[in-house]
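Now for the letters of each chain:
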Number of protein chains: 2
Amino acid sequence: MGLYNKYLDNLINEFKKLPGIGPKSAKRIVYWLIKQPESEIEKFYLSLKNLIGNIKFCSICFNLSEKEICNICSNQNREKNKICIVEEVSDVAIIESTGQYNGLYHVLGGLLSPIDNIGPEEIKIPQLLYRVKNNNIDEIIIALNPTVEGESTASYIKKIFSQLNIKVTKLAIGLPVGANLEYADEITLSRALSDRKEF
Amino acid sequence: MGLYNKYLDNLINEFKKLPGIGPKSAKRIVYWLIKQPESEIEKFYLSLKNLIGNIKFCSICFNLSEKEICNICSNQNREKNKICIVEEVSDVAIIESTGQYNGLYHVLGGLLSPIDNIGPEEIKIPQLLYRVKNNNIDEIIIALNPTVEGESTASYIKKIFSQLNIKVTKLAIGLPVGANLEYADEITLSRALSDRKEF
């Protein structure tokens, strides 16, 4: 449906590409935008433009960084013998927000998925191996989402590092705090049962 | 939570302002964006930048237009004696998509809402009055959302134009096509009953 204005149509198309935004939301956002003062639109497009050239990744752990080496890798107070493996840079912020972890990270940037031709080379596994072999690492903590791809990537990582005699751990699976047994799915409940801890 | 990069934080804040996008969706979108090629981000920000200065409204009906007078108002094949009153420019496209209406439009750009200090002057009612008094208008069709504000704006418009002896009609309220009586809300069902038509 032509909306009489190619600028609107173009922008609606751009918004439609974003994750979680369908054609109706895209239209709604654009019709809302054209009612905003031009200064607001300018702020928005400038902050989008600023992404270009300003997003760098740490050359050690592949977390977001403004310098060659990120704040976490270069922080002398972090425990240098632990590496927590996450899928995305956003996961680093989530784990940091718990305040419970003081080691290093390694951001894979994806998960193994043979169907999409994503093998170990594509997700920075060689770089992880290099890091572990060339540093004094005692523990690798796998913090991947407990999905099919997450679990198979976790198994692959465990297999490699067990051969090197490095301790590999994985986030516990169980009931979320505040959950209700009645609404827990069966797989989670089975895992919570089989992984039960002495109390 | 500082995400180690002020450019990301700024952009997340901009996305959070958009309708229907909360803090989690905003983060998800921005983390997705930084994985896209720079050429894609450039296309997005350019189409946003292009909004500025390129959005004009028709000086007669306040629909979107690239010229002083929009394609609908300047089209000689449209019925010039009917005006359909809508809230937003997006509603024009929705009514046009039915292919059932061949008259003119008047976009209010809002609804009466005394609580937000929105009176008739703020929603282009004086301009509507001027149009109706200076043209040969036979019918005003109110196509506002059947919400509290929509209905009270409709009543206000009806009161003005009834005094001028102009026929005022309003979109029918009733069951949507394909609906199931069981799931219809009581108010819609009551209206469908009281507005029933001979069959």
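Residues numbered from 1 in each chain as written. Chains lettered and ligands numbered in written order. Predicted model: local features only at pLDDT ≥ 70, side-chain atom pairs only at ≥ 80, totals over all residues. Heavy atoms only, no water.

## A look at the environment of A:A192
Residues and elements named next belong to chain A. Among the secondary structure elements, A192 is positioned in helix α7 (residues 186-194). Once the C-alpha coordinates of A192 and S59 are considered, the two residues, 133 residues apart in sequence, prove to be 38 Å apart. What A192 contacts, discounting residues up to four positions off in sequence, is I173, G174 and L175. (Helix = DSSP H or I, 4+ residues; strand = E, 2+ residues; numbered from the N terminus. Contact = heavy atoms within 4.5 Å.)

## Here's the deal with helix α3 (residues 38-49) of chain B
An ideal rise of 1.5 Å per residue puts 16 Å on 12 residues; α3(B) measures up with 16 Å between its terminal C-alpha atoms. Taken together, the buried positions of α3(B) are B:I41, B:F44, B:Y45, B:S47 and B:L48. Viewed end-on, α3(B) has its buried residues packed into an arc of 160°, placing them on one side of the element. Buried positions along α3(B) lie against α1 (6-17), α2 (23-33) and α3 (38-49) of chain A together with α1 (6-17) and α2 (23-33) of chain B. (Expected span 1.5 Å × (residues − 1). Buried < 20%, exposed > 50% of the residue type's maximum accessible area, 1.4 Å probe, protein only. Arc of directions from axis to C-beta.)

## Quick notes on the relation of the copies chain B and chain A
Structural alignment of chain B on chain A gives an RMSD of 0.1 Å, achieved by rotating through 180° and translating 0.0 Å along the axis. Here the symmetry operator amounts to a two-fold rotation axis. Residues of chain B ranked by C-alpha distance from the rotation axis are headed by B:Y45, positioned 2.6 Å from it. A shared binding surface is used by both copies, with 100% of the interface residues of chain B retained as interface residues in chain A. (Least-squares fit on C-alpha atoms with pLDDT ≥ 70 in both.)

## Remarks on α1(A)
The end-to-end C-alpha distance of α1(A) is 17 Å, a good match for the 16 Å that 12 residues give at a rise of 1.5 Å each. Against the buried residues of α1(A) lie α2 and α3 of chain A together with α1, α3 and β2 (64-65) of chain B.

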